[in-house]
Each structure stands twice: as C-alpha cells, then as structure tokens.
Amino acid sequence: MIPPGPRLPAAAQTAWFMADPVGFFESCHRRYGPVFTARYVGFPPEVYVATGELAEQVYRTDAGGGRAGEARRDFLEPLVGAHSVLTLDGDPWWAHRKLLTPPLRARQVAGYHDEITEIAAERVAAWPLGRPFTLRERMQDITMEVILRLIFGIRDAARLTRLRRLLPDLLHVSSAMSVAMAPPGLRSAMGRVPFAPYRRFLRLRADVDAILYDEIARRRDDPGGTDVLGRLLETELGDEEIRDELITMLLAGHETTATGLAWAFERLLRLPAVLERLPDDEEYLDAVVKEVLRVRPVVYEAPRLLDAPLLLGGHEVPAGWYAGPAIPLVHHDPAVWDEPQEFRPERFLDGRQHIRSWMPFGGGRRFCVGAQLALLEMRVIIREVLRRLDLSVTDPAPEARRLKNVTLAPARRTRVVARARVRARAA
C-alpha cells in the first residue's frame, strides 16, 4: 500500500510547503503517521519518514536502489556542474568522495582553527554597536571568507575582492526559482533572453569560473599549500572536476554553516542559563552546537530517487519516487529525545548514542563530507563573538523557521544589538 498523504492538489501542497515547511511536515505527521507522501509541482511524489530507524532504511539504498545525486541533479547541476559529489552517483561519486575525504577529516580541519579565529575576529571587530542588525548576513560574510581562504586558498587581494562581490550574487541568483527550476531542455534558450535571470546567472557563473580556472592553472605551476585546493591538485582530478568540487563546497558550506550560526545565537540569546556556561567550556560548547543543529536543523531533507520499490513502515514506495527523512521530525522524535522541544545541550554529554536520530548532515554513505569543518567553524565563531561582544535580541519572541534558498532560516535573520564587552575574556 502506498503511504498516505494530503489529498490537496500538488500546487496547494507546494504552496503550503514553501510558506511553512516545518508546519507542513508536522501536520502530515500528526494525521498520517511516521510515513507519508507529499506531492510537489514538477517532481515525482516524495515519501517522508519521521524516525531514525526508517531513515536508516532509506539511507541503505545508497548501496543500491537509490540515487541521491540524481535526486538533486536537475536543479543543482547548472551551478555545481556535472562532476560534483552532490550530483554524481555510483562509481564516479565514490571516486570523488574518496579524494575529497582526506583534506576534510577532523584531524586535517583542526589545523584551520587559528585561521578561522583570525577571520572571525577581523569581521566581528567591524560589526555595528548600539543599533540593530541581522546576524545571518554577518555570519555569511565570515563563512564566505573561510571558504575563500581555506578551501579555495586564494590570497591575491584583487581576486579576493572580486570573488567577495561575485560569489554572493551567483548564489543568490542561482537560488531563484526561475533559475533553479529551469527545465533542462529550455536552459540554452533562456540564457539568450536579454535581462532574464538565467542569462544573468550564466554571466556570473562565467565570471567566477574564469577566476577559478585561472587560480587552478596558477596553482598547478606553483604547487603546495595546506588549503583544500592545494590538496586536490595532488590528486588525479582534472581542472573541471576540481572547479565543480570547489563550487560544491561553497554551496554546501557557506549558507548552511552561516544559517546554523544564526540559529545558535537565536537560541542562546533567549537562554541565559546556557549562555552563562559559554564560551570557555569546550565540551559544553560542542554540545551546544550539536543541540542547535538538532532543534533547528538547517537542512530539512536528504532524499533518494528510488530505482526499485522500497518497503517503509508497512508501505511500499514505488520505483521512480523520492524517499527521505523529514529531518525536523526525526530530530523531535519523542521516543529518542526526552522533551524534544526543549533546548538541552546536556543530551550530548550523557554518553548516550543518538547517531541514528541526529542527522543535520544527512546520513548513509552520502553523509556530508564537510561536516567536521562546519562543526569547527561553529565552535570557533560562537566563541569569538561571545568573547568580544554582548549581544541582545530586539524581540524576545522566538523567531519562526522560514525557507531561505535551500535552508530553514530564522524568519527575522536573527536580529540583535551588539555592545562591546567591558572586560573581554582572555583569549
């Protein structure tokens, strides 16, 4: 039996999801249980699951029966290219994954600690004092700089200046529905329409690519460096493959990490008892980061396009459909998490293993290769902000979750007021 779901037309379900994705998931879960079907305009039906155990069954299709790359290819390939771990499947995906993993292991990214600290300190020093501003954009500025310096490894001042301007525009334009959902067969024609968003996207992409390919060529002539680009140049990947993986790391690690940081402060500034233990308790800080990503996951799903029927919770999901976890539901499963709506970092200090039901970076073989870098960035940046500034919210009410590009972000983008600390904590 096919999993139940709303009988609303696909257009109505799409509109509901776009306006309130978490509310849509929660309503379906209450009415239909831990396995339900949603239908969106222009896509095959998608079956969501609400528990870690069911999510594991979906993730096991990575070994055969499900394709995570094809589930994303139509709307991501124009930006990240045909050689990205986000859009590849099978042996080509595995070959790229093996080459990307060594420079992004925890031990390797730990070496970036001091540079991330320096970048955060530079940026935080320029934040306005005594007047409201939104943190999400400030965090995007920091995470962009981390990628430019530590992933791309670019040091040339002129190139950095140009990329700081081009890359945010490219990501913004690429996320527009008219670009991300452009039918593959019409993209060439759309790119020739004057003033069309897709034409602007192609122009920005070409400008960024010119800089990246030039940087790749320069670095091949002068090898070395501890940045990720330097390490990828030691592999057998070609220039186009390296370009695609650099853009992939930008897409996957820029906005998502910045949004996670915005959520961290949105929660912490409303929880003085938690804030009091930060930033110098390292173990507790790590638990805070994990709890932020549990209660406010940035990514809401991790779908697979099924090659074969899949049995989930007594329901059969047909081949050709999507299946994946509704991550906000998995993270609030009361069978795993006591009082799941409560923010309790102590959950991650009690020795219990929550790995099956904690999946802010996806799961299975397609677990995000940049997870360790994202966790390090969050710990370092939270610490640096709290050591230098006292922040307060402009409105004590919690911020709602809204769909922003490919993330679930604070509706008001974490609006705060900053004041300098009277006595800065020791560095």
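The chain is annotated in an unreviewed UniProt entry as Cytochrome P450 from Nonomuraea roseoviolacea subsp. carminata. Check the Cofactor (unreviewed entry) section of the UniProt entry for the chain; it says "heme".

1. Let's talk about the overall build of the chain
Scanning the chain from N- to C-terminus turns up 19 helices and 12 strands. Taking 22 Å as the expected radius of gyration for a compact globule of 427 residues, we find that the chain reaches 21 Å, a close match to that expectation. When the backbone C-alpha atoms are referred to their principal axes, the chain occupies close to 65 × 55 × 40 Å. By residue count, 54% of the 427 residues in the chain fall in the buried class.

2. Quick word on the packing of aromatic side chains
Scanning the model with the defined rule gives 16 aromatic pairs in all. With a centroid separation of 5.3 Å and 65° between ring planes, the pair formed by Phe17 and Tyr300 is classed as edge-to-face. Note that Phe17 is positioned in helix 1 (residues 10–19) and Tyr300 in the loop between helix 17 (282–295) and strand 5 (304–306), a separation of 283 residues in sequence. A ring pair is formed by Tyr198 and Phe201, whose centres lie 5.5 Å apart and whose planes are at 50°; its orientation type is tilted. Highlighted residues: Tyr198 and Phe201, both in helix 12 (residues 197–221), separated by 3 residues, approximately one helical turn. Its relative accessible area of 5% is what places Tyr198 among the buried residues.

3. Here's the deal with the sheet that holds strand 8 (residues 322–325)
In spatial order, the strands read 1-2-8-5-3; together these 5 strands make up an open sheet with mixed pairing. On the outer flanks of this sheet lie strand 1 (35–38) and strand 3 (66–67), each paired with one strand and no other. Where strand 1 and strand 2 (residues 46–49) come together, 4 bridges link them in antiparallel fashion. Among the inter-strand pairings, Val35 is bridged to a residue of strand 2, identified as Val49.

4. Thoughts on the environment of Tyr213
Positionally, Tyr213 belongs in helix 12. On the accessibility criterion, Tyr213 (29% relative accessible area) is partly exposed. Residues Tyr213 and Gly33, spaced 180 residues apart in sequence, show a C-alpha to C-alpha distance of 50 Å. In this view, Tyr213 contacts Asp239, Glu240 and Arg243; residues no more than four positions away in its chain are not counted.

5. Re the pattern of salt bridges
Oppositely charged side chains can pair when the atoms bearing their charge come close. Here the structure, examined in full by the defined rule, presents 37 salt bridges. Here Glu255 makes a salt bridge to Arg136, at a shortest N to O gap of 2.6 Å. Highlighted residues: Glu255 in helix 15 (residues 255–268) and Arg136 in helix 8 (residues 135–151), separated in sequence by 119 residues. Note on Arg136: relative accessible area 6%, which makes it buried. Linking Arg270 and Glu266 is a salt bridge whose minimum nitrogen-to-oxygen distance equals 3.5 Å. The residues Arg270 and Glu266 share a single accessibility class, namely buried.

6. Remarks on the environment of Val49
Its location among the elements puts Val49 in strand 2. When near neighbours in sequence (up to four residues on either side) are disregarded, Val49 contacts Pro34, Val35, Leu54, Ala55, Leu312, Gly324, Pro325, Ala326 and Val330.

7. Describing the packing of helix 8 against helix 14 (residues 239–253)
Contact geometry of helix 8 with helix 14 gives a least axis separation of 10 Å together with a crossing angle of 155°. Judged by the inter-axis angle, helix 8 sits roughly antiparallel to helix 14. When you trace helix 8 past helix 14, the crossing you get is right-handed. Judged by residue contacts, Thr143, Met144, Ile147 and Ile151 of helix 8 engage Leu246, Met249, Leu250 and Gly253 from helix 14. For the contact of helix 8 with helix 14, a count of residues per class yields 6 nonpolar, 2 polar and no charged.

8. Describing the pairing of strand 10 (residues 401–404)
Across the two faces of strand 10 the burial differs, with Arg401 and Leu403 buried and Arg402 and Lys404 not buried at all. Relative to strand 11 (residues 407–410), strand 10 runs antiparallel, the two being bridged by 4 bridges. Along strand 11, the bridge assignment pairs Leu403 with Leu408.

9. So, helix 19 (residues 371–388)
Relative to the 26 Å expected for 18 residues at 1.5 Å per residue, helix 19 spans 26 Å between its end C-alpha atoms, a close match to the ideal helical length. Here helix 19 lies mainly inside the structure; 15 of its 18 residues are buried.

10. Quick notes on the sheet that holds strand 4 (residues 133–134)
Hydrogen bonds along the backbone pair up the strands of a sheet, which may run parallel or antiparallel. Sheet architecture is open: 3 strands sit in the order 4-12-9, paired in antiparallel fashion. For this open sheet the edge positions go to strand 4 and strand 9 (389–393), each flanked by a neighbour on one side alone. Relative to strand 12 (residues 415–420), strand 4 runs antiparallel, the two being bridged by 2 bridges. Looking at the pairing, Thr134 lines up with Arg415 of strand 12. Packing of helix 19 onto the sheet brings it into contact with strand 9 and strand 12, and relative to strand 9 it is tilted by some 95°.

11. Some remarks on the nonpolar core
Core analysis: the largest hydrophobic core is formed by 94 residues, its most contacted members being Met139 and Phe152. By residue number, the principal contributor to this core is helix 19, which donates 11 residues. Once you skip the residues sitting within four places of it in the chain, Phe152 turns out to touch Ile147, Leu167, Leu212, Arg219, Asp227, Leu229, Leu246 and Leu250. Membership of the second largest hydrophobic core comes to 17 residues, among which are Val35, Val47, Ala302 and Val317.

Rules used throughout
Residues numbered from 1 in each chain as written. Predicted model: local features only at pLDDT ≥ 70, side-chain atom pairs only at ≥ 80, totals over all residues. Heavy atoms only, no water. UniProt positions renumbered as here; feature names shortened; annotations may be inferred. Helix = DSSP H or I, 4+ residues; strand = E, 2+ residues; numbered from the N terminus. Rg over C-alpha atoms; globule rule 2.2 N^0.38 Å. Buried < 20%, exposed > 50% of the residue type's maximum accessible area, 1.4 Å probe, protein only. Phe/Tyr/Trp six-rings, centres within 6.5 Å; stacked < 30°, edge-to-face > 60°. Pairing = 2+ DSSP bridges. Contact = heavy atoms within 4.5 Å. Salt bridge = Lys/Arg side-chain N within 4 Å of Asp/Glu carboxyl O. Axes fitted to C-alpha atoms, helices over the stretch in contact; angles between N-to-C directions. Parallel < 35°, antiparallel > 145°, perpendicular 65-115°, else oblique. Left-handed = near helix turned anticlockwise from the far one by under 90°. Nonpolar A, V, L, I, M, F, W, Y, C, P; charged D, E, K, R; others polar. Expected span 1.5 Å × (residues − 1). Core = buried A, V, L, I, M, F, W, Y, C linked by side-chain atoms within 4.5 Å.

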